Amino acid sequence: MRLILSVIFLSSLLFSATKNTLDNSFITRFEYGAMLYENPRGVGCISCHKKGDKPVIIAKYKEKDKKTKKLVEKSIIAPAINNVSYEVFIDKMTADKTDSKVMPTYFLTKEELDSLFFYIKRLNKK
Ligand code: HEC
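About the criteria used
- Residues numbered from 1 in each chain as written.
- Predicted model: local features only at pLDDT ≥ 70, side-chain atom pairs only at ≥ 80, totals over all residues.
- Heavy atoms only, no water.
- Donors = N, O, S within 2.8 Å, 3.2 Å for Na, K, Ca; no water.
- Tetrahedral: all angles 85-135°; square planar, octahedral: opposite > 155°, others 65-115°.
- Helix = DSSP H or I, 4+ residues; strand = E, 2+ residues; numbered from the N terminus.
- Buried < 20%, exposed > 50% of the residue type's maximum accessible area, 1.4 Å probe, protein only.
- Pairing = 2+ DSSP bridges.
- Near = heavy atom within 4 Å.
- Polar contact = N/O pair within 3.5 Å; in protein donor to acceptor, adjacent residues only side chain to side chain.
- Axes fitted to C-alpha atoms, helices over the stretch in contact; angles between N-to-C directions.
- Parallel < 35°, antiparallel > 145°, perpendicular 65-115°, else oblique.
- Left-handed = near helix turned anticlockwise from the far one by under 90°.
- Contact = heavy atoms within 4.5 Å.
- Phe/Tyr/Trp six-rings, centres within 6.5 Å; stacked < 30°, edge-to-face > 60°.
- Lys NZ or Arg CZ within 6 Å of the ring centre and 35° of its normal.

- The name given to the protein in an unreviewed UniProt entry is Cytochrome C oxidase subunit III, with Arcobacter arenosus as the source organism.

**Digging into the coordination of the iron atom of the ligand**
Stage number 1. At this site the iron atom of the ligand is bound by His49 (NE2) and Met103 (SD), with donor distances of 2.0 to 2.2 Å.
Stage number 2. Coordination at the iron atom of the ligand is octahedral: its 6 donor atoms span angles of 84 to 180° at the metal. Here histidine 49, found in helix H3 (residues 46–49), pairs with methionine 103, found in the loop between helix H4 (86–93) and helix H5 (110–120); they are 54 residues apart in sequence, far enough to count as distant.
Stage number 3. For histidine 49, a relative accessible area of 9% corresponds to the buried category.

**As for the pairing of strand E2 (residues 71–78)**
Stage number 1. With 8 bridges joining them, strand E1 (residues 56–64) and E2 adopt antiparallel strand pairing. Bridge pairing in E2 places isoleucine 57 opposite isoleucine 77.

**Quick word on the site of the ligand**
Stage number 1. Close contacts around the ligand come from 21 residues, with Cys45, Cys48, His49, Lys92 and Met103 the closest.
Stage number 2. Between the ligand and the protein, one listed contact pairs a nitrogen atom with a side-chain N or O atom of histidine 49 at 2.8 Å.
Stage number 3. One of the side-chain nitrogen or oxygen atoms of lysine 92 is found 2.5 Å away from an oxygen atom of the ligand.
Stage number 4. Every element with two or more residues in the shell around the ligand is listed here: H3, E2 and H4.

**Focus: unusual backbone geometry**
Stage number 1. The backbone of arginine 41 sits at a positive phi, close to 55°, despite the residue not being glycine.
Stage number 2. For arginine 41, the position within the fold is in the loop between helix H2 (29–38) and H3.
Stage number 3. For arginine 41, a relative accessible area of 53% gives the class exposed.
Stage number 4. A positive phi is found at lysine 50, a non-glycine position, where the angle reads about 50°.
Stage number 5. By the secondary structure assignment, lysine 50 is in the loop between H3 and E1.

**Points about the packing of H4 against H5**
Stage number 1. Contact geometry for H4 and H5: axes closest at 11 Å, N-to-C directions at 130°. In this view, H4 runs oblique relative to H5, as classed from their interaxial angle. The crossing of H4 and H5 is right-handed. Packed against H4, whose contacting residues are Tyr86, Phe89, Ile90 and Met93, the element H5 presents Lys110, Leu113, Asp114, Leu116, Phe117 and Ile120 at the interface.

**Quick notes on the environment of asparagine 82**
Stage number 1. Tracing the backbone through its elements, the reader meets asparagine 82 in the loop between E2 and H4.
Stage number 2. As a C-alpha pair, asparagine 82 and phenylalanine 118 span 36 residues in sequence and 9.8 Å in three-dimensional space.
Stage number 3. Those residues in contact with asparagine 82 that lie beyond four places of it in its chain are Gly52, Asp53, Ile120, Lys121, Leu123 and Asn124.

**Here's the deal with the packing of aromatic side chains**
Describing an aromatic ring pair means giving the distance of the ring centres and the angle of the ring planes.
Stage number 1. By the definition in use, this model includes 4 aromatic pairs.
Stage number 2. Taking 5.0 Å as the distance between ring centres and 55° as the angle between the ring planes, the aromatic pair formed by phenylalanine 30 and tyrosine 119 counts as tilted. Of the two residues, phenylalanine 30 sits in helix H2 while tyrosine 119 sits in helix H5, which places them 89 residues apart along the sequence.
Stage number 3. Residue class for phenylalanine 30 comes out partly exposed when judged on its relative accessible area of 27%.
Stage number 4. Consider the rings of phenylalanine 89 and phenylalanine 117, whose centres lie 5.1 Å apart with planes at 45°: the pair is tilted. On the criterion of sequence distance, the pair formed by phenylalanine 89 in helix H4 and phenylalanine 117 in helix H5 is long-range, its members being 28 residues apart. Note on accessibility: phenylalanine 89 and phenylalanine 117 belong to one class, buried.
Stage number 5. Counting every residue linked through ring pairs, the aromatic cluster contains Phe30, Tyr37 and Tyr119.
Stage number 6. One residue, arginine 122, lies across the ring of phenylalanine 118, its end atom 3.6 Å from the ring centre.

As C-alpha cells, then:
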C-alpha cells in the first residue's frame, strides 16, 4: 500500500513537472514541437520528411514486373505532412510496425504528439 501511494505521489510530481514546462513558456509549444520533430526519441522526422511541406523521394529501386518481366523503377516517398488531419496524424503516429515498412514506430505521449502536431501544421507558414 505504501509503495502504491508513493508511486502515485511520484507520478503526480512528474506530471506537474512536465506540465509546468509547457505552460510556463520556458520553451514555446512551437519550439517544443520543433525539438520533437528533429529528435523524437528515434529517427528524426526531418531525415525523411525534410521540411514536411512537400513529398520527398527517400529511395529509388528497381523491381521486376510480374507480367512484363521488365525492370521498372520504383520509389519510396515520404509524403508532405503539413496538411494532414489530426486523425490521420494520430493514426499514423500510434500505428505499429505492421502498418508501414518504412516509417519507424514511435512511442510518444499525448502531450508530445499534440506539440508535434501543432508544429507540423505550421511547417509551411514559417
Ligand atoms: C524512415 C523515414 C521516415 C521517418 C523517419 C518518418 N517518416 Fe513519416 N512517413 C514516411 C513514409 C515513407 C510515409 C508514407 C508511407 C507510410 O505511410 O508508411 C510516411 C507517412 C507519414 C504520415 C502520414 C501522411 C499521410 O498523408 O497519410 C505522417 C503524418 C508522418 N509520416 C509523420 C511523421 C512524423 C511526425 C515523423 C517523426 C516523429 C515521421 N513521420 C518520421 C517516412 C518516414
